[in-house]
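Inside the fold
Spelled out from the first residue to the last, the chains are:
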Amino acid sequence: MIQKINTFYDVQQLLKKFGFIVYFKDKADMYEMMEQEIKSLYNIGLISKDDYLKCRLIINQRKSG
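Structure report, in brief. Quantities reported herein were computed from a predicted structural model and do not represent experimental measurements.

Counting residues in each nonpolar core, the largest one holds 16 residues, and the members touching the most others are Val11, Leu15, Met34 and Ile38. Within the residue set of this core, elements represented by two or more residues are helix H1 (8–17), helix H2 (27–43) and helix H3 (49–64). Sort the elements by how many residues they give to this core and H2 lands first, with five residues. If sequence neighbours within four positions are ignored, Val11 has contacts with Ile5, Met34, Ile38, Cys55, Ile58 and Ile59.

Take a look at the structure:
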């Protein structure tokens, strides 16, 4: 099953698929932790470069928006 990553919810579901449920009261901390987990998944080869970049873009848009 190929998962399309287009929204912040999709990023959360991708992390959930690997057992990560990230929630912090402080949004900046939550985004930072999500970025770290996405980077870890990419570094060990569990997600593709394309998915990694899409996730980073979505998280960065959420941070700046």
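Overall, the coordinates contain three salt bridges when judged by the stated rule. A salt bridge links Glu35 to Arg56; its shortest N-O distance comes to 3.9 Å. Of this pair, Glu35 sits in helix H2 while Arg56 sits in helix H3, placing them 21 residues apart in sequence. Sharing partners across several salt bridges, the network here consists of Glu35, Arg56 and Lys63.

This part is about the packing of aromatic side chains. Counted under the stated rule, the structure contains two aromatic pairs. Plain terms: the ring middles of Phe8 and Tyr31 are 5.8 Å apart, the flat faces sit at 90° to each other, and that makes the pair edge-to-face. Of the two residues, Phe8 sits in helix H1 while Tyr31 sits in helix H2, which places them 23 residues apart along the sequence. Judged on exposure class, the residue Phe8 and its partner Tyr31 are both buried. Directly above the ring of Phe8 sits Arg62, whose terminal nitrogen or CZ lies 4.1 Å from the centroid.

Definitions and limits used
Residues numbered from 1 in each chain as written. Predicted model: local features only at pLDDT ≥ 70, side-chain atom pairs only at ≥ 80, totals over all residues. Heavy atoms only, no water. Core = buried A, V, L, I, M, F, W, Y, C linked by side-chain atoms within 4.5 Å. Buried < 20%, exposed > 50% of the residue type's maximum accessible area, 1.4 Å probe, protein only. Helix = DSSP H or I, 4+ residues; strand = E, 2+ residues; numbered from the N terminus. Contact = heavy atoms within 4.5 Å. Salt bridge = Lys/Arg side-chain N within 4 Å of Asp/Glu carboxyl O. Phe/Tyr/Trp six-rings, centres within 6.5 Å; stacked < 30°, edge-to-face > 60°. Lys NZ or Arg CZ within 6 Å of the ring centre and 35° of its normal.

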